[in-house]
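# Secondary and tertiary structure notes
For reference, the chains in residue letters:
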Amino acid sequence: MRKVSVVIPVFNNESTIGQLFTQLNDLFSRFEDFELEVVFVNDRSSDNSLTVIKELKERFSNIQFLHFSRNYGQVVAISAGLKKASGDAVILRSADLQDPVDLIENFLGGWQQGNKIVIGNRKNRSDGIVDRMQSRMFYNLIRMVSPNMPEGGYDYCLLDRSIVSVLNKFNHRNRFLQGDILSLGFQTLILPY
């Protein structure tokens, strides 16, 4: 049985953490070949996120968590989660339920086909017009330097352990994680959703 870790940076997500964990557990209960580990990284939430995570940890043995003494931001939280994760593959996703948990099944299929990186590329976002315009401008600039960056970027992806091992060696402070992942040059599958 192969272990799959799901790394979830948390910042003021107390209302969605329990539901997300339930959805992940339900999904993985359908798989015979995969064991689930969930790594929550609480980025100094000011709500009850940490309490919710601790309560889940008391009930479920497949949860790991980290808690930061101050807010460091999403990339630092993900990087810490990558170091804590022990899975053969690691899935990165947000805690806010905007991305469908069921897409993980497609991620796992792409990984089993030999892809070291499987990226979920969301085609429609519910962001406001200003946020969409700023995001589009940012990713258009990024694509000039990194042409393999999917349009609109990505946050939801699966990384093989070999990718995680390389990323865990990166120590630069101000990093663009999505660019770092794509710069490694490994076989990548992009799944639009």
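Quick look at the structure, then. All values derive from a computational prediction rather than experimental measurement.

The subject of this paragraph is helix α2 (residues 49-59). Of all the residues in α2, the buried ones are Ser49, Leu50, Val52, Ile53 and Leu56. Take α2 and look down its axis: the buried residues cluster within an arc of 160°, on one side only. In α2, those exposed residues whose orientation departs by more than 90 degrees from the buried face are Glu58 and Arg59.

Summed over the entire model, instances satisfying the criterion amount to seven aromatic pairs. Ring centres of Phe31 and Phe34 lie 5.9 Å apart, and the angle between their planes is 85°; on these two criteria the pair is classed as edge-to-face. Like Phe31, the residue Phe34 is buried in the burial classification. Each ring, one from Phe34 and one from Trp111, has its centre 6.1 Å from the other, and the planes form 35°; the classification is tilted.

Here the focus is the nonpolar core. In terms of nonpolar packing, the biggest core is built from 32 residues, with Ile8, Leu24, Phe28, Phe40, Ile104 and Leu108 touching the most fellow members. At the level of elements, β1 (2-10), α1 (14-28), β2 (34-42), α2, β4 (89-92), α4 (103-112) and β6 (156-160) are the ones that each hand at least two residues to this core. At six residues, the largest contribution of residues to this core is made by α1. Contact partners of Phe40, with chain neighbours within four places excluded, come to Ile8, Val10, Ile17, Phe21, Ile53, Leu56, Ile63, Gln64, Phe65 and Leu66. Listed in part, the 22 residues of the second largest apolar core include Ile78, Met149, Leu177 and Leu182.

Thresholds, definitions, all that
- Residues numbered from 1 in each chain as written.
- Predicted model: local features only at pLDDT ≥ 70, side-chain atom pairs only at ≥ 80, totals over all residues.
- Heavy atoms only, no water.
- Buried < 20%, exposed > 50% of the residue type's maximum accessible area, 1.4 Å probe, protein only.
- Helix = DSSP H or I, 4+ residues; strand = E, 2+ residues; numbered from the N terminus.
- Arc of directions from axis to C-beta.
- Phe/Tyr/Trp six-rings, centres within 6.5 Å; stacked < 30°, edge-to-face > 60°.
- Core = buried A, V, L, I, M, F, W, Y, C linked by side-chain atoms within 4.5 Å.
- Contact = heavy atoms within 4.5 Å.

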